[in-house]
Amino acid sequence: MNMNDTSALAADPGLTIAGKTYASRLLVGSGKYKDLEETRLATEASGADIITVAIRRVNIGQDPNTPSLLDVVPPSRYTILPNTAGCYNAADAVYTLQLARELLGGRNLVKLEVLGDEKTLFPNMPETLKAAETLVKDGFDVMVYCSDDPIQARMLEDLGVVAVMPLASLIGSGMGILNPWNLSLIIEQSKIPVLVDAGVGTASDAAIAMELGCDGVLMNTAIAGARDPIRMARAMKLAVEAGREAFLAGRVARRFAASPSSPMAGRVA
Amino acid sequence: MQIELNGKPHALSEGADLAQLIAALDLRGKAVAVAVNRQVVPSQLWAGRLLAEADRVDVVRAIGGG
C-alpha cells in the first residue's frame with residue numbers, strides 16, 4: 001500500500017490465512033483470459049498474492065512443451081490456490097485436491113468448492129461439509145466456497161476450515177452483493193477470515209464487500225470478462241483497498257435528516 | 001497390455017512402470033501429478049511403480065480457473 005501522505009496511519013496488516021499473512025486482500029482466478037500473456041498482466045495489475053487454478057487432465061498427445069499457466073504465474077512468486085471447480089461430490093473434490101497437493105510440492109492451502117448443479121453452480125453444502133471434514137483431517141488448510149447461510153458457515157468453521165467464502169451472487173453472474181445482511185451475520189460470528197467468492201461484477205461491488213467487513217474478495221470473471229481486463233484488475237485492487245480503508249475508518253451513521261457541512265455562524269446572508 | 005490413461009484406452013508394454021509411461025508421454029520434469037486407480041503416486045515413487053492391465057492412470061496439471 002502506498003502510504004506517502006498518510007504515514008501517520010497504521011498500515012493495514014494484511015490478510016492472515018492459516019498463519020500466513022498476505023499483503024493483498026484481493027484473490028484472483030486465472031480462468032477465462034484470452035491468452036497466458038493477458039493472464040500474466042492482469043494478475044500483476046491486480047496486486048494479488050493468491051491465485052486460484054484448476055486441476056485438469058493433461059491432453060495426451062498435445063505438445064508437452066507449450067507454455068503452461070505456472071510459467072506465467074510462478075509458484076515462486078504467487079501462492080497458488082488449487083480449486084475443485086467442476087466437482088459435484090465430496091469424493092471427486094478430495095481426490096482433485098490430493099492430486100493438487102502433489103502437483104504443488106506438498107502445499108496444503110486449497111479452495112474447496114462442491115457444486116450443486118450446472119445451472120446455478122450453487123454449492124452442494126452437505127457434500128461440501130463432508131469433503132471439508134475429510135480434507136481437514138488429512139492436513140489440508142481449506143478455504144471453502146459456501147452458501148451465504150450463517151449456520152452452514154459456522155458448521156464449516158467448527159470443522160476447522162481456515163476461511164469461509166460465501167457467494168455474493170451466482171458464479172460468473174456479475175450481479176454483485178445481493179444479500180449484504182447475510183454476509184454481515186457471517187462476518188459478525190466468524191473467527192476465521194470471511195471472503196466473498198463469486199458474484200462481483202465491478203469495482204463498487206468489491207468495495208461494498210470490504211466495507212461490510214469482509215477480510216477479502218475472490219474474483220475471476222469480473223476481471224477476465226471486462227473489456228480491458230488489465231485495467232479492471234487495477235480497479236479491483238484499488239476498490240478492495242478503498243473498501244478496507246473505509247471499513248477501518250468507520251462510516252458515518254445513516255440519518256433521515258440533513259446536516260450542514262458548513263458552520264451557520266458568521267454567514268453574511 | 002491396455003491401461004486407461006486420462007479416461008481413454010492406452011497401449012503399454014508389459015512390465016512398464018509409471019516412470020516409463022511419463023517419459024514416453026514426454027512429461028518428465030513437467031509440472032504434473034499422477035494417480036493410479038485414484039491413489040496419488042508421488043513423483044519420487046514413479047520408478048518401480050509397475051502398471052497392470054486395466055489400471056486407471058490420471059495425469060493432471062494446473063490450468064486457468066477461478
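Up top you'll find the structure we're talking about.
The notes below deal with the structure included here. (Residues numbered from 1 in each chain as written. Chains lettered and ligands numbered in written order. Predicted model: local features only at pLDDT ≥ 70, side-chain atom pairs only at ≥ 80, totals over all residues. Heavy atoms only, no water.)

## Thoughts on the pattern of salt bridges
Residues and elements named next belong to chain A.
- Following the criterion strictly, the structure yields 14 salt bridges over all chains and no others.
- For Lys-111, the salt bridge is made with Glu-113, and the minimal N-O distance between the two is 3.5 Å. Like Glu-113, Lys-111 is buried.
- The salt bridge partner of Asp-197 is Lys-111, with a shortest N-O separation of 3.0 Å. Residue Asp-197 is located in strand 9 (residues 195–197), and its partner Lys-111 is located in strand 6 (residues 109–112); the two are separated by 86 residues in the primary sequence.
- A cluster of three or more residues bridged by salt bridges with shared partners is formed by Glu-37, Arg-40, Glu-44 and Arg-77. (Salt bridge = Lys/Arg side-chain N within 4 Å of Asp/Glu carboxyl O. Buried < 20%, exposed > 50% of the residue type's maximum accessible area, 1.4 Å probe, protein only. Helix = DSSP H or I, 4+ residues; strand = E, 2+ residues; numbered from the N terminus.)

## Some words on the packing of helix 4 (residues 125–137) of chain A against helix 5 (residues 150–159) of chain A
All names here are of chain A.
- At a closest axis distance of 9 Å, the pairing of helix 4 and helix 5 adopts a crossing angle of 15°. When the axis of helix 4 is compared with that of helix 5, the two are roughly parallel. Note that helix 4 runs across helix 5; the crossing there is right-handed. Every residue of helix 5 that contacts helix 4 at Met-125, Thr-128, Leu-129, Ala-132, Glu-133 and Val-136 is listed here: Gln-152, Met-155, Leu-156 and Leu-159.
- Among the residues forming the contact of helix 4 with helix 5, the class breakdown is seven nonpolar, two polar and one charged. (Axes fitted to C-alpha atoms, helices over the stretch in contact; angles between N-to-C directions. Parallel < 35°, antiparallel > 145°, perpendicular 65-115°, else oblique. Left-handed = near helix turned anticlockwise from the far one by under 90°. Contact = heavy atoms within 4.5 Å. Nonpolar A, V, L, I, M, F, W, Y, C, P; charged D, E, K, R; others polar.)

## So, the sheet that holds strand 8 (residues 163–166) of chain A
Residues and elements named next belong to chain A.
- Spatial ordering of the open sheet is given by 6-7-8, a layout of three strands whose pairing is parallel. Each edge of the sheet is formed by a strand with only one pairing partner; in this case those strands are strand 6 and strand 8. Averaged over all adjacent pairs, the angle separating strand axes in this sheet is 20°, with direction ignored.
- In terms of strand pairing, strand 6 meets strand 7 (residues 141–146) through four bridges, oriented parallel. (Pairing = 2+ DSSP bridges.)

## Thoughts on the pairing of strand 7 of chain A
Residues and elements named next belong to chain A.
- Among the six residues of strand 7, five are classified as buried, and the element is accordingly described as predominantly covered.
- Between the parallel pair strand 6 and strand 7, the chain is carried across by helix 4, and the sense of this crossover is right-handed.
- For strand 7 and strand 8, the ladder comprises four bridges, and the chain directions are parallel. Residue pairing in the sheet places Met-143 in a bridge with Ala-163 of strand 8. (Right-handed = clockwise from strand over helix to strand, strands pointing away.)

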